[in-house]
Amino acid sequence: MSARYGCACFAVPKRLLKQLADDSHGEHRALLQAQIEHSSKLRGQRAMQSRDRPEPRLGRQLLHRQVFDAQGQTFLPGQLLRDEDDPPTSDKQADEAYENVGIALQFYKSVLGRDSVDGRGARVDASVHYGFRFANAMWTGRQMIVGDGDGRDFKGFSHSLGIIAHEFSHGICQHIVPGGLGAVTVPNQPPALKGEAGALNESFSDVFASMIKQWHAGHDVKRADWLLGEDVLAPHAGKALRSLEDPGNGKLTWRKDDQIKDYRRYKPTDDVHRAAGIPNHAFYLAAMAIGGKSWETLGAVWLKGFDRLRARATFLDAAHATVDVAATLHGKGSRPHEAVKSGWKTVNVLA
Ligand SMILES: [Zn+2]
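Note that the structure is predicted; figures quoted are calculated from it, not measured.

### Observations concerning the nonpolar core
Here is step 1: If you look at the biggest cluster of nonpolar residues, it comprises 95 residues, and the most contacted ones within it are Phe 154, Phe 168, Phe 208 and Trp 344.
Here is step 2: No other element matches the ten residues that helix H3 (residues 92-112) contributes to this core.
Here is step 3: Apart from the residues within four sequence positions on either side, Phe 168 is in contact with Val 101, Ala 104, Leu 105, Tyr 108, Val 117, Val 124 and Met 144.
Here is step 4: If you look at the next biggest cluster of nonpolar residues, it comprises eight residues, including Leu 42, Ala 70, Tyr 130 and Phe 134.

Dropping the structure here:
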């Protein structure tokens, strides 16, 4: 089975875009509404392209990035602006995307020994200036796209390590779970992430983006802010996209944030961003209970645990896998082993 599933994984939940569209008027409202429409069409379109285009690969270099300028259009990838080892360009967004993709690549390589998204040094492409004032970033299944933001509610995305690392991690997850963790294709509809497996896919990106931010800043679990997208929203729109410390706490994030952190509240119809709060919080609790640096104690546990999951995995499967790997790597009855178990228990996935 192919590792490619061409699923568009957006950084900004549709619910937030809808809330912001409802709060605005006139032209701005129309702009956001058009983007919500465009985003759902984009999924199917990308899926078609990803099937017949060859995988970019170059094995010799430690890192290989290419940043393109989509020039305000929606054709991908656009014009090549910066190749690996090229000097900085005069384009701020291109250089920010280049740097942040590099940090994500370095993290997986040096902390977890994984060479790029496919584990074999695949080149990572990113297109900046995608679309007109596009208020989102995403992983298309073969590359990253980064919008400039709408100029009002969103400040852009290329400067945000958390957002770039989140999208990059969708690329990792795509390759470790054959068929795509939670990717569902319904005839005549764009593929989408669904159910517990889809929420695990979103959570994988949140958890690793969080670790990458902490690793880059040298923050231990106590100093970490445990937020994602705290640097992309304008103050009136909210403070952050997500909190792993307290999923669904709108005071830490945005007004209508509906993430949940208790499996007893889960419904199979839940949006994957909403339900991702459950595994996100289990990870946060485990990391806090162990203390120190999250990536040192739990990075390999989470990557190897998710590496065991199948496309239709449940939260319980993820709990068993990560608990088991924690016991293997740190010892049965060790602090990490007990902490991972207890994290999944607190969110009511494990009994
Ligand atoms: Zn995502």
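Don't stop here, the text continues.
### Some thoughts on unusual backbone geometry
Here is step 1: Between Leu 76 and Pro 77 the backbone carries a cis peptide bond, its omega angle lying at 0 degrees.
Here is step 2: On the secondary structure map, Pro 77 appears in the loop between strand E2 (65-69) and strand E3 (79-83).
Here is step 3: Although it is not a glycine, Gln 71 sits at a positive phi angle of roughly 55 degrees.
Here is step 4: Along the chain, Gln 71 falls in the loop between E2 and E3.
Here is step 5: By relative accessible area, which is 47% here, Gln 71 ends up partly exposed.
Here is step 6: Positive phi values are uncommon outside glycine, yet Asp 85 reaches one of about 70 degrees.

### Focus on the packing of aromatic side chains
Here is step 1: Across all of its chains, the model carries 16 aromatic pairs by this definition.
Here is step 2: For the ring pair Phe 107 and Trp 215, a centre distance of 5.4 Å and an interplane angle of 70 degrees mean the geometry is edge-to-face. You can see Phe 107 sitting in helix H3 and its partner Trp 215 sitting in helix H5 (residues 195-217), a full 108 residues away along the chain.
Here is step 3: Overall, Trp 215 belongs to the partly exposed group, its relative accessible area being 23%.
Here is step 4: Plain terms: the ring middles of Phe 204 and Phe 306 are 5.4 Å apart, the flat faces sit at 50 degrees to each other, and that makes the pair tilted. With Phe 204 in helix H5 and Phe 306 in helix H8 (residues 294-307), this residue pair connects regions lying 102 residues apart in the sequence. With respect to burial, Phe 204 and Phe 306 carry one shared label: buried.
Here is step 5: Feature note: the residues Phe 107, Tyr 108, Phe 168, Phe 204, Phe 208, Trp 215, Trp 226, Phe 283, Tyr 284, Trp 302, Phe 306 and Trp 344 constitute an aromatic cluster, connected by ring pairs.
Here is step 6: Over the face of the ring belonging to Tyr 98 we find Arg 65, whose NZ or CZ atom lies 3.7 Å from the ring centre.
Here is step 7: A cation over an aromatic ring shows up here: Arg 82 above the ring of Tyr 98, its NZ or CZ 3.6 Å from the ring centre.

### A few points about the confidence of the model for the protein
Here is step 1: In this model, the protein carries a mean pLDDT of 91, and residues with pLDDT of at least 70 account for 92%.
Here is step 2: Residue range residues 46-60 is modelled with pLDDT below 50. Its contacts to residues more than four positions away, or to other chains, number 28 contacts.

### Things to note about the packing of H8 against helix H9 (residues 315-330)
In a packed pair of helices, the relevant descriptors are the angle between the two axes and the axis-to-axis distance.
Here is step 1: Look at H8 against H9: their axes get within 8 Å of each other, and the N-to-C directions meet at 130 degrees. Classified by the angle their axes make, H8 and H9 are oblique. Handedness of the crossing formed by H8 with H9: right-handed. Contacts from Thr 297, Ala 300, Val 301, Trp 302, Lys 304, Gly 305 and Phe 306 in H8 reach Ala 321, Thr 322, Val 325, Ala 326, Leu 329 and His 330 in H9.
Here is step 2: Residue composition of the contact of H8 with H9, by class: eight nonpolar, four polar and one charged.

### What about the domain arrangement of the protein?
Here is step 1: You can read the domains of the protein as domain 1 (9-181) and domain 2 (192-346).
Here is step 2: Using C-alpha coordinates to define each centre, domain 1 is positioned 21 Å away from domain 2.
Here is step 3: Contacts between the two partners involve 42 residues from domain 1, matched on the other side by 42 residues from domain 2.
Here is step 4: Carbon and sulfur atoms make up 67% of the surface buried where domain 1 meets domain 2, a total of about 3600 Å² over both sides.

What counts, and at which threshold
Residues numbered from 1 in each chain as written. Predicted model: local features only at pLDDT ≥ 70, side-chain atom pairs only at ≥ 80, totals over all residues. Heavy atoms only, no water. Core = buried A, V, L, I, M, F, W, Y, C linked by side-chain atoms within 4.5 Å. Buried < 20%, exposed > 50% of the residue type's maximum accessible area, 1.4 Å probe, protein only. Helix = DSSP H or I, 4+ residues; strand = E, 2+ residues; numbered from the N terminus. Contact = heavy atoms within 4.5 Å. Phe/Tyr/Trp six-rings, centres within 6.5 Å; stacked < 30°, edge-to-face > 60°. Lys NZ or Arg CZ within 6 Å of the ring centre and 35° of its normal. pLDDT = per-residue confidence, 0-100. Axes fitted to C-alpha atoms, helices over the stretch in contact; angles between N-to-C directions. Parallel < 35°, antiparallel > 145°, perpendicular 65-115°, else oblique. Left-handed = near helix turned anticlockwise from the far one by under 90°. Nonpolar A, V, L, I, M, F, W, Y, C, P; charged D, E, K, R; others polar. Domains from an automatic or database assignment. Buried area = accessible area lost by both parts, 1.4 Å probe.

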